[in-house]
Amino acid sequence: MNSLYSVGITGIGSYVPEKVITNYDLCEIVDTSNEWIVERTGIQERRIVDQSLSTSDIGTIAANKALEDSNTNPKEIDLIIVATATPDMAFPSTACIVQKNIQAINAAAFDISAGCSGFIYGLSIGFNFIKAGTYRKVLVIGGETLSKIVNWEDRNTCVLFGDGAGACILERCEEGFGFLTFDLGSDGNNGHLLIQPAGGSRLPASYETVSNRLHTIKMDGREVFKFAVRIIEKSSKEVLRKANIPLEQIDLLIPHQANMRIIQSAIKKLQLEENKVYINLDKYGNMSSASIPVALDEAYKKEFFSKGDIVLLVAFGAGLTWGATLLRWNK
Ligand code: COA
């Protein structure tokens, strides 16, 4: 991308709740088995928030860690973007609640809805605001409390999801480092494959929507699976093409952490070695927009990559949506 300066991640932090729900715990609730869940998904356990906590609470913890990591005073933040499918409420935005919590009094704040691709969408928005010269410091959070919208009686979905939050501070960085390019896309024609039907203007909350559990996640797993495998390959290749970087130069791929078999099928298609792929879904399940920032933070702290390394992030989710970005790590 042509630019006078580059934009990168200067601070990163994440948080997962302490409470662990294992596959064996789920066997007490629905007709499933540890073997089935591990074999079909790769997930062994997931984290669940205390019922008193919301997405803004855990997003705030992650945000404070990212602020600390980049030694940023909250008053310096110009914009807060929260990517979430589980906002605290319809309004005000979760981003405005986080703003209050961290007292980022000089920031504009809004939420975005792009399902599990939300964090990549958020990064691209922050990147573009900084690139355009509008803002200098942007806080991007991916946070979810999916446990609040899971139907705990539906074995098709309840085994898949978990709660967590991750945050990044974006700002100008050394030229040639940071975000190299983005690829975003959506396919609204297939939005019906993954939905939370009620609670919006289409089906406002009523006794009927509650008794029919229409406020919980409904998904056509098989179709989403096929879409995911196809789109990881397509979107990854697209960012590589745009940045003119061959696949061999990637140091680490961090894909959305939904299902081990999706990741394995996609990297086989991409012809990428397994040791270049970061996976933590065994511990957390699918945390939607939080999966990528939590994995990025973990991989960074475990030194899976360092300054100058090329990291590819790729996600897919409700919408349907997808997004990928290539980063030359600048920290
Ligand atoms: N335990 C035991 N059996 C289960 C089960 C569970 N937790 N969940 C589903 N099953 C059953 C189904 O009822 C079905 O039984 P049937 O054949 O008698 O109807 C059988 O297992 C196989 O179902 P199928 O849908 O073919 O399984 P699958 O191999 O496709 O795996 C998913 C199901 C949901 C794990 C998989 O499709 C998936 O991961 N899809 C993508 C989901 C996703 O990533 N969503 C988020 C996107 S951001």
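Residues numbered from 1 in each chain as written. Predicted model: local features only at pLDDT ≥ 70, side-chain atom pairs only at ≥ 80, totals over all residues. Heavy atoms only, no water.

- As annotated in an unreviewed UniProt entry, the chain carries the name Beta-ketoacyl-[acyl-carrier-protein] synthase III and comes from [Clostridium] ultunense Esp.
- Under the UniProt heading Subcellular location (unreviewed entry), the entry covering the chain gives this text: "Cytoplasm".
- Note on the chain: under the UniProt heading Subunit (unreviewed entry), the record states "Homodimer." (UniProt positions renumbered as here; feature names shortened; annotations may be inferred.)

1. Thoughts on the nonpolar core
- Among the nonpolar cores identified, the biggest contains 47 residues, and Ile217, Leu253, Ile262, Leu272, Leu312, Phe316 and Leu326 are the most heavily contacted of them.
- Among the secondary structure elements, those contributing two or more residues to this core are helix 8 (221-243), helix 9 (260-270), strand 12 (310-317) and strand 13 (321-328).
- Broken down by element, the residue count for this core peaks at nine residues, all from helix 8.
- Here this core spans two domains, since at least three of its residues come from each of domain 1 (6-175) and domain 2 (180-328).
- Apart from the residues lying within four places of it in its own chain, the contact partners of leucine 253 are Ile267, Leu272, Lys276, Val277, Tyr278, Leu312 and Val314.
- Counting 34 residues, the second-largest nonpolar core is a separate cluster that includes Ala83, Ala114, Phe127 and Leu313. (Core = buried A, V, L, I, M, F, W, Y, C linked by side-chain atoms within 4.5 Å. Buried < 20%, exposed > 50% of the residue type's maximum accessible area, 1.4 Å probe, protein only. Helix = DSSP H or I, 4+ residues; strand = E, 2+ residues; numbered from the N terminus. Domains from an automatic or database assignment. Contact = heavy atoms within 4.5 Å.)

2. Structural notes on the UniProt feature "active site" (unreviewed entry) in the chain
- Mapped onto the present numbering, the UniProt feature "active site" (unreviewed entry) falls on Cys116, His256 and Asn286. What stands out for the annotated residues spanning 171 residues is how close their C-alpha atoms remain, the widest pair being 8.7 Å apart.
- Looking at the secondary structure, you find histidine 256 in the loop between strand 11 (252-255) and helix 9.
- Assignment of secondary structure puts asparagine 286 in the loop between helix 10 (281-284) and helix 11 (291-301).

3. Some thoughts on the pairing of strand 5 (residues 108-112)
- Sheet topology places strand 4 (residues 79-83) next to strand 5; five bridges connect them, and they run parallel. Directly across from isoleucine 80, in strand 5, lies its bridge partner alanine 109.
- A crossover connection joins strand 4 to the parallel strand 5 through helix 4 (residues 94-102); in handedness this β-α-β unit is right-handed. (Pairing = 2+ DSSP bridges. Right-handed = clockwise from strand over helix to strand, strands pointing away.)

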